[in-house]
Amino acid sequence: MLEIIAKKRDHGELTADEINDFIEGYTSGRIPDYQASALLMSIYLNGMNFNEASHLAMAMRDSGERLNWPAELGPLIDKHSTGGVGDKISLILAPVVAACGLTDPMIAGRGLGHTGGTLDKLESIPGFRVDLTATELHAALLKSKIVINGATGSLAPADKKLYALRDVTGTVASIPLIASSIMSKKLAAGINGLVMDVKCGQGAFMKQLPAAQELARTLVRIGQNAGVKMTAVITNMDAPLGLAIGNSLEVKEALAVLHGQGPKDIRQLTLALAAHMLVLGNKAKTFKQAYQRAGQTLNDGSAFAAFRQMVTVQGGDTRYVDRPELFPVSQQQVTITAAKSGYLAAIDSYQLGMAVVKMGGGRLIKGTPIKHQVGIVLAKKVSTAIQKGDLLATVHCEGIDDDLLIEIQNAFQITAAPVTAEPLILDTIN
Ligand code: URA
């Protein structure tokens, strides 16, 4: 291990054998955390070329169980996001593609840093289980074509251990480490196609477009090398997606979109990602046809029905799906208003994501329970003209200190000159 660390420290290229040795040794406990941390930091600082990143993904994939699915399920096409603020797309997208005939065993994650997690959002529906075993996953997929679940304990265990270590050693935001981490889990899940939503901007791990493009290219090539059909879409994460940030608030917004309502950006991104998935799964010939087909499912109730079916199969209480007003509301609602007139030039998604975490909507300490009802609901989107005193957002909280309210207020930037909103989709790579 010492030689491997020194090689990477001195900008050398690690061989497949060296990477396999590291992953096997770290997963089994033979290699201690301090040596693994030294190697992670060397990778973070000196990078890895494509071959090294690909070997790392494969070694982590092979560190545990690999899921197999019966052929009768058809091609399995999934979507994964690198993590954002207000990103409730998976809750809408999975039912949309199921309503179009696609099967998706979606392995999702929990909140990470300032970003929210799909599993935490779904758990705001009482009874919803995200810990189905491999056998239960099979049964669920046969019934509802989609399932959104956590990674089973034996899926890419090397990633689970390394991720926890990266989180506490300042080595998360590294392109080869992120790409190999994501792809190890996706490849172990036995899917045939994957659409990656690579977030770019203030609220993303990749702040600049060139870095997001490099991450997207690395993800696509790792997947293609392993025989998985890939498309990566780079999307804007400067401002939050939609209006709601926070677990049950986001589920309610997702339900509105599933009923053909809700914010336009959420609908647009869901349909674009769904269209790429349908093309990869041979359910449509062209992107345009696929986009229209996906849109119909939001208008005719079939995507909502698929969501309801998934909730039933995963043990959730469907009364909350049918009557979202049943979700508990926070004790306090505090309004944030504009201090001056002008144009809403920016909404800092990182600040707002962190504020929700601090209010208890995410975790500052590993494993702590979260408050599903807290969060922030925006009243305006970027580029809107604002009058002094206009409502900018409502903070749903269980008590809040003044400093945090000031941080939230400061996340809204108002300028005298008009601004145009950035495009939502910045690039597509396949
Ligand atoms: N999501 C992952 O699964 N891994 C990373 O490293 C970053 C985001």
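In this text, all values refer to a predicted model and were calculated from it rather than measured experimentally.

Participant: How should the overall build of the protein chain be read in this particular structure?
Facilitator: Counting its regular elements, the protein chain contains 17 helices and 13 strands. Relative to the globule expectation of 22 Å for 430 residues, the C-alpha radius of gyration of the protein chain, 21 Å, shows essentially globular dimensions. In terms of principal-axis extent, the alpha carbons of the protein chain reach across some 60 × 50 × 40 Å. Taken over 430 residues, the protein chain has a buried fraction of 53%. Put simply, of all contacts in the protein chain between residues at least 6 apart along the chain, 79% involve residues at least 24 apart.

Participant: Would you take a moment to explain the packing of helix α7 (residues 134-144) against helix α14 (residues 302-313) for this structure?
Facilitator: The axes of two packed helices give the description: the angle between them and the distance between them. It is at 10 Å that the axes of α7 and α14 come closest, and there the two elements cross at 150°. The angle between α7 and α14 falls in the class roughly antiparallel. In terms of crossing hand, the pair formed by α7 and α14 is right-handed. Facing α7, whose interface residues are Ala140, Lys143 and Ser144, α14 presents Ala306, Gln309, Met310 and Val313. Taken together, the residues of the contact of α7 with α14 break down into four nonpolar, two polar and one charged.

Participant: Sorry, what's going on with the site of the ligand here?
Facilitator: In the vicinity of the ligand, the residues found are Thr82, Gly83, Gly109, Leu177, Ile178, Ser181 and Ile182. Among the residues forming the shell around the ligand, the class breakdown is three nonpolar, four polar and no charged.

Participant: Just to check I follow, could you spell out the sheet that holds strand β8 (residues 342-347) for this structure?
Facilitator: Hydrogen bonding along the main chain pairs the strands of a sheet, whether they run parallel or antiparallel. Spatial strand order, β10-β8-β12: three strands in an open sheet with antiparallel pairing. Two strands close off the open sheet at either side, each with one partner strand: β10 (385-386) and β12 (412-415).

Participant: Looking at this structure, I do not really get the pairing of strand β1 (residues 77-81). What am I missing?
Facilitator: Every regular strand shows the same layout, with side chains that alternate between the two sheet faces. Judged by how many residues are buried, β1 sits mostly within the fold: five of five residues are covered. Burial of β1 is two-sided: the residues Ile77, Lys79 and Ser81 facing one way and the residues Asp78 and His80 facing the other way are all buried. Bridge count for β1 against strand β4 (residues 193-200) is five bridges, and the pairing is parallel. Bridge pairing in β4 places Asp78 opposite Leu194.

Participant: Explain the pairing of strand β2 (residues 104-107) here, please?
Facilitator: Residues of β2 alternate between two faces, with Asp104 and Met106 on one and Pro105 and Ile107 on the opposite face, all of them buried. Examined bridge by bridge, β2 and strand β3 (residues 146-149) share four bridges and lie parallel to one another. From the neighbouring strand, Asp104 faces β3, where its bridge partner is Ile146.

Participant: Help me understand the environment of Gly201, please; the structure alone is not making it clear to me.
Facilitator: The topology assignment puts Gly201 in the loop between β4 and α10 (209-225). We classify Gly201 as buried; it has 22 C-beta atoms within 10 Å. As for Gly201 and Ile191, which are separated by ten residues in sequence, their C-alpha atoms are 28 Å apart. Ignoring sequence-local partners within four residues, the contact set of Gly201 consists of Lys207, Asn236, Met237 and Asp238.

Participant: Looking at this structure, I do not really get the domain arrangement of the protein chain. What am I missing?
Facilitator: Interfaces are often sized by the amount of accessible area the parts lose when they come together. Assigned domains within the protein chain: domain 1 (2-47), domain 2 (71-322) and domain 3 (329-415). The gap between the C-alpha centroids of domain 2 and domain 3 is 25 Å. The partner domain 3 presents 23 residues to the 20 residues of domain 2 that form the contact. Mapped by element, the contributors of at least two residues to the side of domain 2 that touches domain 3 are β6 (244-245) and α11 (247-258). Broken down by element, the residue count for the side of domain 2 that touches domain 3 peaks at three residues, all from α11. For the side of domain 2 that touches domain 3, the residue count by class is eight nonpolar, ten polar and two charged.

Participant: Sorry, what's going on with helix α16 (residues 349-361) here?
Facilitator: Helical periodicity: at 3.6 residues per turn, an α-helix aligns residues three or four positions apart in one direction. The terminal C-alpha atoms of α16, which comprises 13 residues, lie only 15 Å apart, well short of the 18 Å expected from a rise of 1.5 Å per residue. Every buried residue of α16 is accounted for by Ser349, Tyr350, Leu352, Gly353, Met354, Ala355, Val356, Val357, Met359, Gly360 and Gly361.

Participant: What am I meant to see in the packing of helix α2 (residues 16-28) against helix α4 (residues 50-61) here?
Facilitator: Where α2 contacts α4, the axes come no closer than 9 Å and their chain directions differ by 40°. Both α2 and α4 take part in a crossing whose hand is right-handed. Where α2 approaches α4, its residues Ala16, Ile19, Asn20 and Ile23 are matched on the opposing element by Glu52, His55, Leu56, Ala59 and Met60. Here the residues of the contact of α2 with α4 sort into six nonpolar, two polar and one charged.

Participant: Is there a simple way to think about the sheet that holds β4 in this case?
Facilitator: Pairing in this open sheet of four strands is mixed, and the strands run β1-β4-β5-β13 from one edge to the other. Sheet topology places β1 and β13 (425-429) at the edges, where each strand pairs with a single neighbour. On average, each strand axis in the sheet is tilted by 15° relative to the strand beside it, whichever way the strands run. Direction of pairing for β4 relative to strand β5 (residues 229-236): parallel, over a ladder of eight bridges. By the bridge assignment, Gly193 is partnered in β5 with Lys229. Running over the sheet, α10 touches β4, β5 and β13 and is turned about 165° from β5.

Participant: Could you clarify how one ought to interpret unusual backbone geometry in this entry?
Facilitator: The phi dihedral of Lys145 falls on the positive side, at around 70°, and the residue is not glycine. Backbone geometry at Ala156 places phi at a positive 45°, although glycine is not the residue there. Within the secondary structure layout, Ala156 lies in the loop between β3 and α8 (157-167).

The rules behind each value
Here the residue index of a chain counts from 1 through its sequence in written order. Reporting in this predicted model follows two pLDDT cut-offs: at least 70 for local features of residues, and 80 or more for side-chain atom pairs to be given and counted; totals over whole chains, interfaces and linings ignore these cut-offs and use all residues. A run of H or I in DSSP becomes a helix once it reaches four residues, and a run of E becomes a strand once it reaches two; helices and strands are each numbered from the N terminus. Restricting the calculation to C-alpha atoms gives the radius of gyration, and the globule rule supplies 2.2 Å times the number of residues raised to the power 0.38. Residues with at least 20 neighbouring C-beta atoms inside 10 Å of their own are called buried, those with 12 or fewer are called exposed, and the rest are partly exposed, where every C-beta is derived from the backbone. Once C-beta atoms are placed from the backbone, any two residues with those atoms within 7 Å are in contact. Note on method: axes are straight lines fitted to C-alpha atoms, helices fitted across the in-contact stretch only, with angles between N-to-C directions ranging 0 to 180 degrees. In this scheme, roughly parallel covers angles under 35 degrees and roughly antiparallel covers those over 145, while 65 to 115 is roughly perpendicular and the rest are oblique. Two helices cross in a left-handed way if the nearer one is turned anticlockwise from the farther one by less than a right angle. They cross in a right-handed way if the turn is clockwise. Here the nonpolar group is Ala, Val, Leu, Ile, Met, Phe, Trp, Tyr, Cys and Pro; Asp, Glu, Lys and Arg are the charged ones; every other residue, Gly included, is treated as polar. Using a C-beta atom placed from the backbone, a residue is described as near a molecule or strand when that atom lies within 6 Å of it. Between any two strands, pairing holds if DSSP finds at least two bridges. Throughout, the edges of the domains are those of an automatic or database domain assignment. Multiplying 1.5 Å by the helix residue count minus one yields the expected span of that helix.

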